[in-house]
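Given next are the chains, with one letter for each unit.
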Amino acid sequence: MSVRPVVESDIPQVADLYWSYMRRRKGSAPPGLQPFLQELYFKNPFHDSAVPSLVYEDSGGKVVGFLGGIARPMSVCGQSILVAFGGNLVVHPEARSGVAAPRLLNTFLECKHDLVMTDSANDITRRILERLKFRTIPAMNIHWVRPVRPVHMGVYAMSRAFGSTISAGITLAAKPFCSLADSLAGRLSGNPFRQTKSPLRGSELDLETLLQCQTEFRNGYSLWPEYDLHSLEWLVGFMERRHVRGILRKVAVRDGSQKIVGWYIYYVKPGAMAEVVQIGGEHEATKDVLEHLFYDAWEQGAVALHGVVDIRRMAEFSDKGCLFTCRGGWTIARSDKPEVLEVLERGDAFLSRLDGEWALDPGD
Amino acid sequence: MSVRPLVESDLIQVTDLYWRFMRQKEGPAPAALRSFLHDLYFTNPWIDGASSSLVYEGTAGKIVGFLGVIPRKMSVCGQPIRVAFGGNFVAHPEGRSHLAGPRLLGAYMNGPYDAWQTDSANDLSRKLLEPLGFRTIPGLNIHWGRPLRPSHYGVYSISRAMGSAASSSLRIVAKPFCAVADSMAARLSFSPFRQTEPKLRGEELDVETLLQCLEESRKGYSLWPEYDAQSLEWLLRFMARVTSRGVLRKVVVRDDSKKIVGWYIYYMQRGSVGEVVQIGGEPRFTRDILSHLFYDAWAQGVVALHGVVEMRQMPLFSDSGCFFTCRGGWTVTRCRQPELLAILERGGAVLSRLDGEWCLDPGD
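On a predicted model such as this, the values are computed, not experimentally measured, just so you know.

Definitions and cut-offs
- Residues numbered from 1 in each chain as written.
- Chains lettered and ligands numbered in written order.
- Predicted model: local features only at pLDDT ≥ 70, side-chain atom pairs only at ≥ 80, totals over all residues.
- Helix = DSSP H or I, 4+ residues; strand = E, 2+ residues; numbered from the N terminus.
- Rg over C-alpha atoms; globule rule 2.2 N^0.38 Å.
- Buried ≥ 20, exposed ≤ 12 C-beta atoms within 10 Å, placed from the backbone.
- Contact = placed C-beta atoms within 7 Å.
- Nonpolar A, V, L, I, M, F, W, Y, C, P; charged D, E, K, R; others polar.
- Domains from an automatic or database assignment.
- Core = buried A, V, L, I, M, F, W, Y, C linked by C-beta atoms within 7 Å.
- Pairing = 2+ DSSP bridges.
- Axes fitted to C-alpha atoms, helices over the stretch in contact; angles between N-to-C directions.
- Parallel < 35°, antiparallel > 145°, perpendicular 65-115°, else oblique.
- Left-handed = near helix turned anticlockwise from the far one by under 90°.
- pLDDT = per-residue confidence, 0-100.

## Let's talk about the overall build of chain A
Within chain A, the regular secondary structure consists of 11 helices and 15 strands. Against the globule reference of 21 Å for 364 residues, chain A gives a C-alpha radius of gyration of 21 Å, in line with a compact fold. Counting only C-alpha atoms, chain A reaches 70 × 50 × 35 Å along its principal axes. A buried classification covers 42% of the 364 residues belonging to chain A. In chain A, the share of contacts with a sequence separation of at least 24, taken over all contacts with a separation of at least 6, comes to 72%.

Below is the structure:
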């Protein structure tokens with residue numbers, strides 16, 4: 001029984017483990033999952049042998065545990081650092097009484113890195129990792145929600161608490177009422193969720209522009225992710241294949257003089273909650289960019305938007321009708337360098353869902 | 001036309017100014033308001049000699065502007081500092097064209113203080129103060145809400161946006177439905193609004209105990225307010241007189257061995273939202289203290305609670321079913337020394353609504 005780096009021939013076993021015990025699905029893993037995992041762990045442009053993905057083998061050589069590692073190059077005040085993101089930790093139930101999970105975690109933590117993080121831990125993982133000296137960073141755990149069809153959103157939220165059959169029944173039965181109520185609400189002048197067309201112009205955000213935006217708007221922050229065109233292209237391409245979250249929309253927002261004042265990237269699916277990956281731009285334009293995003297999501301049929309807010313922009317998000325919670329996946333971090341943790345804790349990192357493992361979730 | 005310190009004989013004019021142009025009420029100011037303002041600006045335990053509050057005299061000595069200033073004693077790493085809380089800033093329409101506002105603010109900012117702060121600025125005041133070097137610190141502006149009777153809270157929130165006649169009709173019509181729905185919400189085992197008898201024991205919090213608790217709670221922080229028994233007693237007595245917010249409840253929470261694990265102070269008003277002044281205690285008991293508070297407020301007939309949360313406690317509040325906004329009064333600060341601002345920005349201050357001017361609002 002031992003921990004070793006994952007090799008390509010482990011992928012079928014890893015896919016089964018992930019499918020059965022991480023996603024808790026019956027039957028064999030769908031054929032698309034294996035190439036997805038293969039691409040994620042063997043072809044990603046951030047690959048660094050210092051941050052390996054690990055498997056745990058039982059005495060018969062069977063893979064009974066897995067921990068995916070993704071390296072992300074970042075900078076702190078211009079100095080390069082290696083950030084290790086750990087995710088998709090899964091252990092076969094038969095091996096859970098043993099030491100599979102602790103050994104996988106300990107081996108991962110022994111790897112060379114400046115900072116180790118996860119940005120989508122559940123409550124159990126958070127509790128385990130906090131015992132391993134990880135810290136929950138409050139400034140990076142503020143999730144926002146903004147209804148764009150408030151009545152639909154209410155029914156959507158309620159239906160999520162039920163089983164799929166009941167949920168589908170409720171959604172279907174409530175649809176005509178919700179459509180009417182949201183349509184009426186959308187016209188009332190006093191409605192805080194009324195949609196108004198933004199005076200700014202939106203256009204498809206290409207990767208060169210995104211790269212320029214990332215470089216320009218990280219000014220004023222101490223920590224930021226490092227991308228080049230190739231890595232950004234791979235990342236966005238990978239995310240676009242993540243259909244379960246919806247269609248990935250990337251929009252650059254320009255003012256009357258065609259100057260880019262901001263941008264946003266989000267997954268949208270009609271009738272569901274849209275997941276926002278990144279919002280950026282001039283601080284002064286935050287409210288205008290949000291207004292553009294809300295209108296865009298409303299036009300696309302989303303019921304609400306959800307994302308993680310940069311604490312520095314929290315006031316502007318609040319002004320635009322967003323509510324905040326800490327529910328939606330925990331960001332926790334560990335580093336031997338207290339100054340790096342301090343940067344994160346004071347909200348001085350230019351980080352979004354684009355820059356961690358949330359964006360790389362293989363999904364269902 | 002000049003700015004000068006407030007003297008007792010100004011109070012008649014200041015009260016009228018406050019009543020008509022701050023509260024925008026008709027008719028003469030109630031007699032109790034003058035006595036309230038007198039106590040606030042002439043008997044508060046933080047004044048040294050002359051009042052720190054300022055008036056602006058128009059032609060013929062008529063007072064056309066007022067800015068209430070309460071200097072609060074605080075410590076930065078054990079070194080005493082004075083923080084001037086400005087509030088109840090009001091100018092007669094006649095005085096507005098004579099620069100009453102800018103001159104009062106100018107005199108306030110020239111005062112012998114280490115920092116200038118307000119913790120209940122509206123959007124307009126915030127916009128006015130930011131160009132004068134005041135900063136909106138995100139970590140000090142996170143308001144939390146926790147529905148206890150969700151249906152009643154929903155109706156309460158909607159009715160606040162309506163006129164008083166429509167508002168009371170809506171409440172009367174909705175009351176029976178809300179009572180049934182909320183009763184179920186409090187009893188159903190899977191309801192996030194379920195109320196259960198708390199494990200911890202609560203009893204009346206006296207001044208000496210609160211003083212001890214405050215001293216204990218400042219460990220690990222760099223900035224804290226300084227109190228003695230006399231100042232705390234004055235403050236709590238003053239706050240208890242603000243009946244427009246409800247009854248001031250002060251509860252100390254103990255474990256089975258009678259050891260104090262926390263405390264809370266809040267305004268309780270049956271059928272309305274309870275405003276939480278302060279919650280403190282051992283961090284590992286935060287959830288239990290919150291449960292105790294929620295049960296106490298629910299048992300008193302409160303529909304929801306609102307308060308301000310320190311950023312590092314957000315995950316625990318979120319775990320207890322709270323949501324967050326930035327609406328509810330802005331905290332904006334200007335510091336003489338950048339080090340002081342850095343402490344506030346990194347969340348190194350233990351400050352609550354007890355420690356500013358929010359708790360000194362004379363109300364209607």
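The discussion continues.
## Here's the deal with the overall build of chain B
Counting its regular elements, chain B contains 12 helices and 15 strands. Here chain B has a C-alpha radius of gyration of 21 Å; the compact-globule value for 364 residues is 21 Å, and the two agree. With respect to the three principal axes, the spread of C-alpha positions in chain B is 70 × 50 × 35 Å. Long-range pairs, those at least 24 residues apart, make up 72% of the contacts in chain B between residues at least 6 apart in sequence.

## Describing the interface of chain B and chain A
Contacts between the two partners involve 16 residues from chain B and, on the opposite side, 18 residues from chain A. Elements with a minimum of two residues in the side of chain B that touches chain A: helix H11 (314-319) and strand S14 (323-325) of chain B. For the side of chain B that touches chain A, a count of residues per class yields 8 nonpolar, 4 polar and 4 charged.

## A closer look at the domain arrangement of chain B
Note: interface size is frequently given as the accessible area lost on complex formation between the parts. All names here are of chain B. Domain boundaries assigned for chain B yield domain 1 (2-138) and domain 2 (144-148 + 195-328). The gap between the C-alpha centroids of domain 1 and domain 2 is 28 Å. Contacts between the two partners involve 11 residues from domain 1, matched on the other side by 9 residues from domain 2. For the side of domain 1 that touches domain 2, the element with the most residues is strand S3 (residues 63-76), which contributes 5 residues. Residues of the side of domain 1 that touches domain 2, tallied by class, amount to 6 nonpolar, 2 polar and 3 charged.

## Let's talk about the domain arrangement of chain A
Residues and elements named next belong to chain A. The domains assigned to chain A are domain 1 (2-136) and domain 2 (144-148 + 195-328). In terms of residue count, the dominant contributor to the side of domain 1 that touches domain 2 is strand S3 (residues 63-76) (5 residues). Here the side of domain 1 that touches domain 2 is composed, by residue class, of 6 nonpolar, 2 polar and 2 charged.

## Re the nonpolar core
Judged by nonpolar contacts, the single largest core of 163 residues is most densely connected at Ile142(A), Tyr266(A), Ala274(A), Ala297(A), Ala302(A), Leu305(A) and Tyr266(B). Formed by 25 residues, the second largest nonpolar core is a distinct cluster that contains Leu17(A), Val64(A), Val91(A) and Ala100(A).

## Points about the pairing of strand S10 (residues 247-254) of chain B
Residues and elements named next belong to chain B. As paired elements, strand S8 (residues 201-204) and S10 share 4 bridges and run antiparallel to each other. From the neighbouring strand, Gly202 faces S10, where its bridge partner is Val253. Across 8 bridges, the pairing between S10 and strand S11 (residues 260-268) is antiparallel. The residue bridging Val253 from the neighbouring strand is Gly262, located in S11. The antiparallel hairpin formed by S10 and S11 contains 5 residues in its connecting segment, where Lys258 sits at a positive phi of about 70°.

## A closer look at the packing of helix H7 (residues 207-217) of chain A against helix H8 (residues 229-240) of chain A
All names here are of chain A. Close contact between H7 and H8 brings their axes to 10 Å; oriented N to C, the two are set at 115°. In terms of orientation, H7 lies roughly perpendicular with respect to H8. H8 is crossed by H7, and the crossing has right-handed handedness. Here H7 contributes Leu207, Glu208, Leu210 and Leu211 to the contact with H8, which in turn contributes Leu229, Leu232, Glu233 and Val236. Per-class residue counts for the contact of H7 with H8 are 6 nonpolar, no polar and 2 charged.

## Considerations on unusual backbone geometry
All names here are of chain A. Located in the positive-phi region is Asn88, a residue other than glycine, with phi close to 50°. Note that Asn88 resides in strand S4 (residues 79-91). Although it is not a glycine, Lys133 sits at a positive phi angle of roughly 75°. Looking at where Lys133 falls in the secondary structure, it is placed in the loop between helix H4 (123-131) and strand S6 (135-136).

## A few points about the packing of helix H6 (residues 150-160) of chain B against helix H7 (residues 164-187) of chain B
Residue and element names in this part refer to chain B. At a minimum axis distance of 7 Å, the contact between H6 and H7 shows a crossing angle of 160°. Considering their axes alone, H6 and H7 lie roughly antiparallel with respect to each other. Between H6 and H7, the contacting residues are Pro150, Ser151, His152, Val155, Ile158 and Ser159 on the first element and Ser167, Leu170, Arg171, Ala174, Phe177, Cys178, Ala181, Asp182 and Ala185 on the second. Along the lines of polarity and charge, the residues of the contact of H6 with H7 split into 9 nonpolar, 4 polar and 2 charged.

## Some words on H6(B)
Within the sequence span of H6(B), burial applies to Ser151(B), His152(B), Tyr153(B), Val155(B) and Tyr156(B). Of the surrounding elements, those touching the buried residues of H6(B) are strand S7 (143-147), H7, strand S12 (273-281) and strand S13 (304-308) of chain B.

## Quick word on the environment of Arg218(B)
All names here are of chain B. With respect to the element layout, Arg218 can be found in the loop between helix H8 (207-217) and strand S9 (223-225). Distance in space between the C-alpha atoms of Arg218 and Ala349 is 8.5 Å, their sequence separation being 131 residues. Not counting the four nearest positions on each side in its chain, Arg218 is found in contact with Trp224 and Val350.

## Brief notes about the environment of Pro150(A)
Residue and element names in this part refer to chain A. The residue Pro150 is located in helix H5 (residues 150-159) in this model. According to the C-beta neighbour criterion, Pro150 is partly exposed, with 19 such atoms within 10 Å. Sequence separation of Pro150 and Pro138 is 12 residues, and the distance between their C-alpha atoms is 28 Å.

## Re the confidence of the model for chain B
Looking at chain B, the pLDDT average stands at 91 and 98% of residues meet or exceed 70. Across the interface, the model reports ipTM at 0.80; the global pTM reads 0.87.

## Considerations on the environment of Ser352(A)
All names here are of chain A. Along the chain, the position of Ser352 falls in the segment after helix H11 (338-345). Taking the C-beta count within 10 Å as the criterion, Ser352 has 23 such neighbours and is therefore assigned buried. Residues Ser352 and Gln278, 74 residues apart in the sequence, show an inter-C-alpha distance of 5.7 Å. Setting aside chain neighbours within four positions, we find Ser352 in contact with Val277, Gln278 and Val308.

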